[in-house]
Each structure stands twice: as structure tokens, then as C-alpha cells.
Amino acid sequence: ESQPLKGKAKVVDIHTHMYPPEYVKVLESRNIIPLVRKFPGAPDPRLVLLDAEVPLLESAQQGTSVLPGRPLTRHFSSLYQKIHFMDTHHIDISVVSLANPWLDFLPSDQAFPSAKSINASFSSMCAVHPGRLYFFAALPLTAPTPQLLDCISSISSLPYCRGVILGTSGLGSGLDDPAILPIFSALADADLPIFLHPHYGLPNSVFGPRSAAGEYGHVLPLALGFPMETTIAVARMFLAGVFDKVPNLRIILAHSGGTLPFLAGRIESCIMHDGHLVNGMKKGARRTVWEVLSTQVYLDAVVYGEVGLKAAVEASGGSERLMFGTDHPFFPPVGGEEGEEDGEWESVGLNVKAVVKVIGEGEEYEGVMGGNAFSVLRLEGE
Ligand code: URA
Ligand code: ZN
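Owing to the predicted nature of the structure, the values given are computational and were not obtained by experimental measurement.

Core analysis: the biggest nonpolar cluster contains 111 residues, and Tyr19, Leu98, Leu139, Phe184 and Ile194 have the highest contact counts within it. At seven residues, the largest contribution of residues to this core is made by helix α4 (residues 108-128). Other than its neighbours up to four places away in sequence, Ile194 contacts Val164, Leu166, Phe184, Leu187, Leu249, Arg250, Ile251 and Ile252. One finds Ala42, Val48, Leu57 and Ala60 within the second-largest nonpolar core, a separate group that totals six residues.

This next bit is on the coordination of the zinc ion (ligand 2). Reference geometry at the metal: tetrahedral coordination by four donors gives ideal angles of 109.5 degrees; octahedral coordination by six donors gives 90 or 180 degrees. Bound to the zinc ion (ligand 2) are the protein donor atoms His15 (NE2), His17 (NE2), His197 (NE2) and Asp327 (OD), situated 2.1 to 2.2 Å from the metal. Mapped onto the sequence, the residues coordinating the zinc ion (ligand 2) show the spacing H-x1-H-x179-H-x129-D. Note that His17 is positioned in strand β1 (residues 12-18) and His197 in the loop between β8 (194-196) and α7 (208-212), a separation of 180 residues in sequence. As far as the burial class goes, His17 and His197 line up, both buried.

Below, the discussion takes up helix α6 (residues 181-189). Restricting attention to buried positions, one finds in α6 the residues Ile183, Phe184, Leu187 and Ala188. The buried residues of α6 occupy one face: seen down the axis, they fall within an arc of 135°. Structurally, α6 contributes buried residues whose contacts are with α5 (145-155), β7 (161-166), β8, α8 (219-239) and α9 (242-245). Positioned one or two residues after α6, Asp191 has a phi angle of 60°, which is positive.

Another point: the site of ligand 1. Around ligand 1 lies a shell formed by His17, Leu49, Asn100, His197, Leu222, Phe226, Asp327, Phe330 and Phe331. Interatomic distance of 2.7 Å between a side-chain N/O atom of Asn100 and a nitrogen atom of ligand 1. Take Asp327: an N or O atom from its side chain is 3.1 Å from an oxygen atom of ligand 1. Alone, ligand 1 offers 230 Å² of accessible surface; in the complex the protein occludes 99% of this. Within the shell around ligand 1, the residues separate by chemical class into five nonpolar, three polar and one charged.

Parameters at a glance
- Residues numbered from 1 in each chain as written.
- Chains lettered and ligands numbered in written order.
- Predicted model: local features only at pLDDT ≥ 70, side-chain atom pairs only at ≥ 80, totals over all residues.
- Heavy atoms only, no water.
- Core = buried A, V, L, I, M, F, W, Y, C linked by side-chain atoms within 4.5 Å.
- Buried < 20%, exposed > 50% of the residue type's maximum accessible area, 1.4 Å probe, protein only.
- Helix = DSSP H or I, 4+ residues; strand = E, 2+ residues; numbered from the N terminus.
- Contact = heavy atoms within 4.5 Å.
- Donors = N, O, S within 2.8 Å, 3.2 Å for Na, K, Ca; no water.
- Arc of directions from axis to C-beta.
- Near = heavy atom within 4 Å.
- Polar contact = N/O pair within 3.5 Å; in protein donor to acceptor, adjacent residues only side chain to side chain.
- Areas by Shrake-Rupley, 256 points an atom, 1.4 Å probe, with all protein chains shown as cover.
- Nonpolar A, V, L, I, M, F, W, Y, C, P; charged D, E, K, R; others polar.

Have a look at this one:
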């Protein structure tokens, strides 16, 4: 049994994305990434998001056959498909979020109105299925700070909003930028946790020319670039003292924190042995990475394997800080069979299986699969 178990406590998916139709329209109008483009002979338009996909996008323009990006299927925009996916996998409640790269690329004057419209779209989708859908709002990060603060105050009164989804770029200089502290404080004071999600990965040069030529598909940027990006972003926040400066900030890390559970010890040791930091970050005068992990950080359980999940449980001080997710509509089955996307997804099964193996099938299982999300995100259910 690799699907969430029927008849138990409610199952909640906290890592699940959508692109509302008006967002897809924006992508269709663009000629640099992120973009959506049709290619001759391909049934679905292609969604090209990542820097790592740019070399193939350029060669596809010269007529080579390997297409960049991924097919933009109806799973990305259709509410019907989201509910169908939930029903197929016995998911009771989904906390949906706009997928990457959110509104990060919008010119300053477009960001605020777009955020309003996107968040209104998510609100109305949730209202169609009350008790089954909640959402993490998108923020207009390129807008002037007063508009950004205005947005935070308005989303906090939306009945189905339970936090915000954020990439690692912050206001342009990352999440350790002192200029973003008022935003973190406003989110914390509004009791809106951040769902921190990667997009930018690592520079293409680290993946080499064969990856750029498309030989390895998306494996290196998605399996390694994404988790390293998250790890680096959180380490920078920690080094900048963000968690001490905004002690009521709560942050949910995508993909079980990237590699943070595995590397927390090394990060601690490097701080301890850094001659430059020795006065500024004295032991005893600061909280350790471990302490921050077990007080202000939550991890999703989207790690696809037992060993990684075990590390996540241990690093966050127990399974109460872990929450199940699927990353739908990314990672669909790729067997090539007609209609397979409407059936069970192996990517979901891998995560459920890891939870069962690490936690068992008792009360803690019910917590990770849904109960923890109920309390962390103040869900109400039907
Ligand atoms: N998962 C995501 O959420 N985004 C991507 O771009 C790829 C996988
Ligand atoms: Zn995701």
C-alpha cells in the first residue's frame, strides 16, 4: 500500500501547486523565461521555467528535436484536475500555492495588481470547495515596500489564506537582506507562515555541458540545484540572525529543507571554527541551527526516500514538524500511456512509502499525513 490510507484521519497535502489561467496568459506573452511556447509537432505547449532549460530553448529555436521545459498539461491550471488528483490519492485537503517563479519576474508596477488578481483567483477556487482547499498567497516582491505590506495586510483577512509562498530571491538580494526584515515581521505578526520554495537552483556551469545539451534531462537542477538553493537561503538567514530578529517568524521548508537536516552539523561546526565569526556568533549567546530547526522551522515530507525523511524527523526534533506534500502537478508519471496522469502517481507513492517506513502507521503517521498541518496551519476541515 503506497497511497494514503483510507478511513484514517484526514490527509493534507501542503505542497501542491497551480498556475491560474491569467498567470499562464502572462507566460504565453513572454519570450524570455519563464515562458510558455508551442512547438510544431508537440501536442501540449511547453512550460520553460529554469535557467538550466535556456540552452535547450535556444537550440530548439534552431530546429533541434529535444524540446525544452515540460509539457503544460491541464493539471497545471484546472481546478477539476486538482480535485480529481486529490480524490485519486485520498487527499482530503490541499493547501495550494502558485508555482515558481511566482511574481518574481514582474516589473515593479505590475506586481501589486497581479498579486491581487492571483490571490483572488486562489480565494475563489478555495470557495468552490470549502473545507477541501486552502492556499499560500503570492507576494508582489518587486513592488514598492508599502504595497507589499499592504498586500500582506489584505491577504491576512482572506478566509482561506494560510501563509505565503516565497522563493529565495527576496527583494532582489536574498533573504538575508536587512531590507526584507519588515516583511518578515509583518508576516510573523499576521501569523502567516512562509512556505519557502526553490526556483533559481545553481549556476548552469556546475552541471556541465552535457546537462546543458539536454543529455541528463532535468535531473541535476531539480534533484540537486533546488535543494542546495533552499539550504543556502536558510543558512544565509541564520547567519544574518533573521530568526533571532524575528522570533515569531515561522517557515516551512520545501523538500524537507533541501539538505539542511544532513548539513546542520557541518554548518554549526563551520560557524564555531570561523575566526571571523568567533566574537559575533559566540556559543551560548546565540541559538544553534538545531534550536532554530526545532522551534521556527517546519519541513515538508517531499523527500522521496526513507533516509532523507529520517534525517528530517531527527533534525526537526520529532515528526510533529513534518507535513506531507505531493508537488503536484510536477513529477507526473512518464510511462507514455494514454490517461496515466489521471491515475495514481508514483511520485506520491514514494513519499507515502517513506513516511510509513520511517514513522509507521500509528498516530504519528496521521500527524505527518495531515494532523500536523491541521494545527500548524489552523485548518478547519469540512
Ligand atoms: N517542482 C516545482 O515545484 N517546480 C519546478 O519547477 C519543478 C519541480
Ligand atoms: Zn514545489
